[in-house]
Amino acid sequence: MIEVKGVSKSYGAHEVLRQVSLEVEPGQVVAIIGPSGSGKSTFLRMLNGLEGFNGGSIRIDGHDLSVPRELQQVRRQVGMVFQQFNLFPHLTVGRNVTIAQRLVLKESKAAAEKRARRLLDRVELSEKWGSYPSQLSGGQQQRVAIARALAMEPKVMLFDEATSALDPELVGEVLDVMRSLASEGMTMLVVTHEMGFARNVADRVLFMDGGRIVADGPPGRLLDNPEDERLIQFLRRIGNHERSDPTPVSGAQPA
Amino acid sequence: MNFALVWEARWLIFDSFLVTLYLSACAIVGGTVVGMIVALLRQAGIRSLNLALRAYVELFRGTPLLMQLFFIYFGLPLVSIPVDRFWAAFIALTCFTSAYVAEVFRSGIEAIPRGQSEAATALGMGFFHRFFWIIAPQAMRVSLPPLIGVYVSVIKDTSLATVVGYNELTRRAMELMLRFGHPLEFFITVALLYFAICYPISKLSEALERKLTPTAR
Ligand SMILES: Nc1ncnc2c1ncn2[C@@H]1O[C@H](COP(=O)(O)OP(=O)(O)O)[C@@H](O)[C@H]1O
Ligand SMILES: [Mg+2]
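Remember, predicted model here, so these are calculated numbers, not experimental data. (Residues numbered from 1 in each chain as written. Chains lettered and ligands numbered in written order. Predicted model: local features only at pLDDT ≥ 70, side-chain atom pairs only at ≥ 80, totals over all residues. Heavy atoms only, no water.)

A closer look at the overall build of chain B
Right, so step 1: Helices and strands together make up the secondary structure of chain B, namely nine helices and zero strands.
Right, so step 2: Traced from its N-terminal end to its C-terminal end, chain B shows the element sequence α-α-α-α-α-α-α-α-α.
Right, so step 3: With respect to the principal axes defined by its C-alpha atoms, chain B has extents near 70 × 45 × 25 Å.
Right, so step 4: Counting over 217 residues, chain B shows a buried share of 45%.
Right, so step 5: Here the contacts in chain B between residues at least 6 apart in sequence split such that 73% fall between residues at least 24 apart.
Right, so step 6: In chain B, which carries 18 positive and 13 negative side-chain charges, the distance between the mean positions of the two groups comes to 8 Å. (Helix = DSSP H or I, 4+ residues; strand = E, 2+ residues; numbered from the N terminus. Buried < 20%, exposed > 50% of the residue type's maximum accessible area, 1.4 Å probe, protein only. Contact = heavy atoms within 4.5 Å. Lys, Arg positive; Asp, Glu negative; His and termini not counted. Charge placed at Lys NZ, Arg CZ, Asp CG, Glu CD.)

Following this line, the structure appears as structure tokens:
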């Protein structure tokens, strides 16, 4: 599904990504962890062409990201959810979820609204159809943002710290949506500080540091028996307490 | 004071009042359209184009409107573009207005968080879709109060079209004064007419600003 080969990225002399390679199978849920500034966001943003890259190649579902014509194709197939939600504040919730369907996919109004209602129903916000983003809580806004991305029927979903800007009691409702998406077989790349999510939902965890993927493996091995010294330090620093706790995730129960 | 004279000339004055409204409306529409196009093109991020557009904006903001009127009225015929009085006034006012409108839009656009454009891009929206559906509507909201300020100036500045002999309100007042004397009466009347248009619009702008500010993020 995703094939990244030897990709680098620099801002001036500052090398942000160094020779990153990665293959992700369809349906795989990959959690990306790592200290701030390690290049996680840059890497994610590269996968839908929000950032260019200097060397190497990226293919998503067979489309080559370095070909400008394919870039539009890729963007339709890759949904992205941002830390700051980035809903369109001048549009209602309903219009937020239909606008790109109408403009990009050229869906009819009826078809776009039908899909939007189904997706808003799924994130349990169907009653907010006519509200504006500023009238919603952060958790609700992020769920709308997820519905908005899903409306393009992407094959891959990227989440960049989707819960980091939320009050702790609102984190659970967003993680629940992400979890159900994962269980339905969506291919997901999730940059997160929620170790519970990484441990219990992800099939695979990547640890990035200094622009490299330093460790890559199943969450059990990576988080419980880390070998890399920097990973050990990182996990200690963020307090990786939930070692053998099977019922997961800070705030999994919605308040 | 003898306002009986003014009353007698009321239809002449009213007629030129309509002419001023017409010229103002043309200049506002023209200036807004051109200003929006300039602001849009500046978003494309093409270096040489940006340079040219900045030169355009600075030229028309940095020289007196009076000079611009003269240059267009006397200059364009020299390069075989015939302009009558209306067109000279219209072109000069449009260029002048568009320079200010472009700047208002530019700062409005810059006030929109980058994440808006990125979210739209991530949804597969292209440059024009992003600009017209996501960025421009939000920028418009921010820009509306200063934009109305520009419009009020334009209405007052149409009085300068007098110098190319265009028969708007100010010129009519001067003609009447030359014919009948009593300059104060005529000019007080004309000033009141300008005020009658501009004051409500200024108030509207203030009200809009109050209404828009608390909801702005
Ligand atoms: N537009 C930019 N210009 C210059 N440097 C940048 C830019 N964006 C990110 N960086 C740098 O790239 C590095 C990685 O950033 P980022 O991908 O945001 O890391 P993370 O998401 O892991 O915190 C940081 O050192 C950051 O300062
Ligand atoms: Mg980041």
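Some words on the nonpolar core
Grouped burial of nonpolar side chains is what soluble globular proteins tend to show.
Right, so step 1: One finds A:Ile32, A:Phe43, A:Leu47, A:Ile58 and A:Leu189 to be the most contacted residues of the largest nonpolar core, which totals 91 residues.
Right, so step 2: Core analysis: the next-biggest nonpolar cluster, separate from the first, contains 50 residues, A:Ala116, A:Leu166, A:Leu181 and A:Met195 among them. (Core = buried A, V, L, I, M, F, W, Y, C linked by side-chain atoms within 4.5 Å.)

Concerning the sheet that holds strand E2 (residues 14-24) of chain A
Within a beta sheet, neighbouring strands are joined by backbone hydrogen bonds and run either parallel or antiparallel to one another.
Residues and elements named next belong to chain A.
Right, so step 1: The antiparallel open sheet is built from four strands, whose spatial order is E2-E1-E4-E5. The open sheet has two edge strands, E2 and strand E5 (63-64), and neither has a second partner.
Right, so step 2: In terms of strand pairing, strand E1 (residues 2-11) meets E2 through seven bridges, oriented antiparallel. Counted as the bridge partner of Lys-9 is Leu-17 from E2. (Pairing = 2+ DSSP bridges.)

Some words on the sheet that holds strand E8 (residues 187-191) of chain A
Residue and element names in this part refer to chain A.
Right, so step 1: Here we have six strands laid out as an open sheet, ordered E6-E7-E8-E3-E9-E10, and mixed in their pairing. Two strands lie at the open edges of the sheet, namely strand E6 (78-81) and strand E10 (212-217), each paired on one side alone. Averaged over neighbouring strand pairs, the angle between their axes works out to 20° when direction is ignored.
Right, so step 2: As paired elements, E6 and strand E7 (residues 156-160) share four bridges and run parallel to each other. Each bridged residue has a counterpart across the sheet, and for Gly-79 the counterpart in E7 is Met-157.
Right, so step 3: In the packing of helix H9 (residues 229-238) onto the sheet, the strands contacted are strand E3 (29-33), strand E9 (204-209) and E10, and the crossing angle to E9 comes to about 100°. (Axes fitted to C-alpha atoms, helices over the stretch in contact; angles between N-to-C directions.)

Things to note about the site of ligand 1
Residue and element names in this part refer to chain A.
Right, so step 1: Every residue close to ligand 1 is listed here: Tyr-11, His-14, Val-16, Pro-35, Ser-36, Gly-37, Ser-38, Gly-39, Lys-40, Ser-41 and Thr-42.
Right, so step 2: Measuring from an oxygen atom of ligand 1, one finds a side-chain N or O atom of His-14 at 3.1 Å.
Right, so step 3: Within the backbone of Gly-37, one N or O atom sits 2.7 Å away from an oxygen atom of ligand 1.
Right, so step 4: The protein chains hide 60% of the 560 Å² of surface that ligand 1 would expose on its own.
Right, so step 5: If you list the elements that add at least two residues to the shell around ligand 1, you get E2 and helix H1 (40-46).
Right, so step 6: No other element matches H1, which puts three residues into the shell around ligand 1.
Right, so step 7: Considered class by class, the residues forming the shell around ligand 1 number three nonpolar, seven polar and one charged. (Near = heavy atom within 4 Å. Polar contact = N/O pair within 3.5 Å; in protein donor to acceptor, adjacent residues only side chain to side chain. Areas by Shrake-Rupley, 256 points an atom, 1.4 Å probe, with all protein chains shown as cover. Nonpolar A, V, L, I, M, F, W, Y, C, P; charged D, E, K, R; others polar.)

Let's talk about the environment of B:Thr170
All names here are of chain B.
Right, so step 1: On the secondary structure map, Thr-170 appears in helix H8 (residues 169-180).
Right, so step 2: Remark: the alpha-carbon pair of Thr-170 and Ile-13, spanning 157 residues in sequence, is separated by 9.4 Å.
Right, so step 3: Setting aside residues up to four positions removed in sequence, Thr-170 forms contacts with Ser-159, Thr-162, Phe-187 and Tyr-194.

Some details on the confidence of the model for chain B
Right, so step 1: Here chain B averages 90 in pLDDT, while 98% of its residues score no lower than 70.
Right, so step 2: Taken over the whole predicted complex, pTM reads 0.83, whereas the ipTM for its chain interfaces reads 0.88. (pLDDT = per-residue confidence, 0-100.)

Focus: the layout of surface pockets
All names here are of chain B.
Right, so step 1: Taken as a whole, the second largest pocket spans an internal volume of roughly 250 Å³.
Right, so step 2: Lining of the second largest pocket is provided by Gln-43, Ile-109, Glu-110, Ile-112, Pro-113, Arg-114, Ser-117, Phe-127, Arg-130, Phe-131 and Ile-135.
Right, so step 3: In the lining of the second largest pocket, the residues fall into six nonpolar, two polar and three charged. (1 Å grid on protein atoms, 1.4 Å probe; cavity = no way out; pocket = protein on both sides within 12 Å on 5 of 7 lines; lining within 4 Å. Points joined across faces, edges and corners; volume = space filled by probe spheres on them.)

Looking at the interface of chain B and chain A
Right, so step 1: Contacts between the two partners involve 18 residues from chain B, matched on the other side by 23 residues from chain A.
Right, so step 2: Between chain B and chain A lies a buried interface of about 1,800 Å² when both sides are counted; carbon and sulfur atoms form 67% of it.
Right, so step 3: Three residues, B:Ala122, B:Leu123 and B:Trp133, lead the burial of chain B against chain A; their summed loss comes to 33% of the area buried on that side.
Right, so step 4: The interface formed by chain B and chain A contains one salt bridge.
Right, so step 5: Linking chain B with chain A are five residue pairs in polar contact (both at pLDDT 80 or more), by the criterion used here.
Right, so step 6: Contributing elements (two or more residues each) for the side of chain B that touches chain A: helix H6 (114-122) and helix H7 (127-157) of chain B.
Right, so step 7: At eight residues, the largest contribution of residues to the side of chain B that touches chain A is made by H6(B). (Buried area = accessible area lost by both parts, 1.4 Å probe. Salt bridge = Lys/Arg side-chain N within 4 Å of Asp/Glu carboxyl O.)

Quick look at empty space enclosed by the protein
Think of a ball as big as a water molecule: rolled over the atoms, this probe shows where empty space is left.
Right, so step 1: Applying the stated criterion across every chain, the model contains two cavities of 30 Å³ or more.
Right, so step 2: Size it by volume and the largest cavity reaches roughly 50 Å³.
Right, so step 3: Taken together, A:Gly79, A:Met80, A:Phe82, A:Ala145, A:Arg148, A:Ala149, B:Ala119, B:Ala122 and B:Leu123 form the lining of the largest cavity.
Right, so step 4: At the level of secondary structure, the elements contributing two or more residues to the lining of the largest cavity comprise E6 and helix H5 (138-150) of chain A together with H6 of chain B.
Right, so step 5: When residues of the lining of the largest cavity are assigned to their parent elements, the largest contribution, three residues, is made by H5(A).
Right, so step 6: Residues of the lining of the largest cavity, tallied by class, amount to seven nonpolar, one polar and one charged.
Right, so step 7: The volume enclosed by the second largest cavity comes to roughly 40 Å³.
Right, so step 8: Contributing to the lining of the second largest cavity are B:Met36, B:Ala39, B:Phe105, B:Ile109, B:Phe131 and B:Ala136.
Right, so step 9: Elements that contribute at least two residues to the lining of the second largest cavity include exactly helix H2 (10-43), helix H5 (85-110) and H7 of chain B.

Structural notes on the packing of H2(B) against H8(B)
Residues and elements named next belong to chain B.
Right, so step 1: Packing of H2 against H8 leaves a shortest axis separation of 8 Å and a crossing angle of 155°. Comparing the axis directions of H2 and H8 gives the class roughly antiparallel. Contacts between H2 and H8 pair Leu-12, Ile-13, Asp-15, Ser-16, Phe-17 and Thr-20 from the former with Leu-169, Arg-172 and Leu-176 from the latter. (Parallel < 35°, antiparallel > 145°, perpendicular 65-115°, else oblique.)

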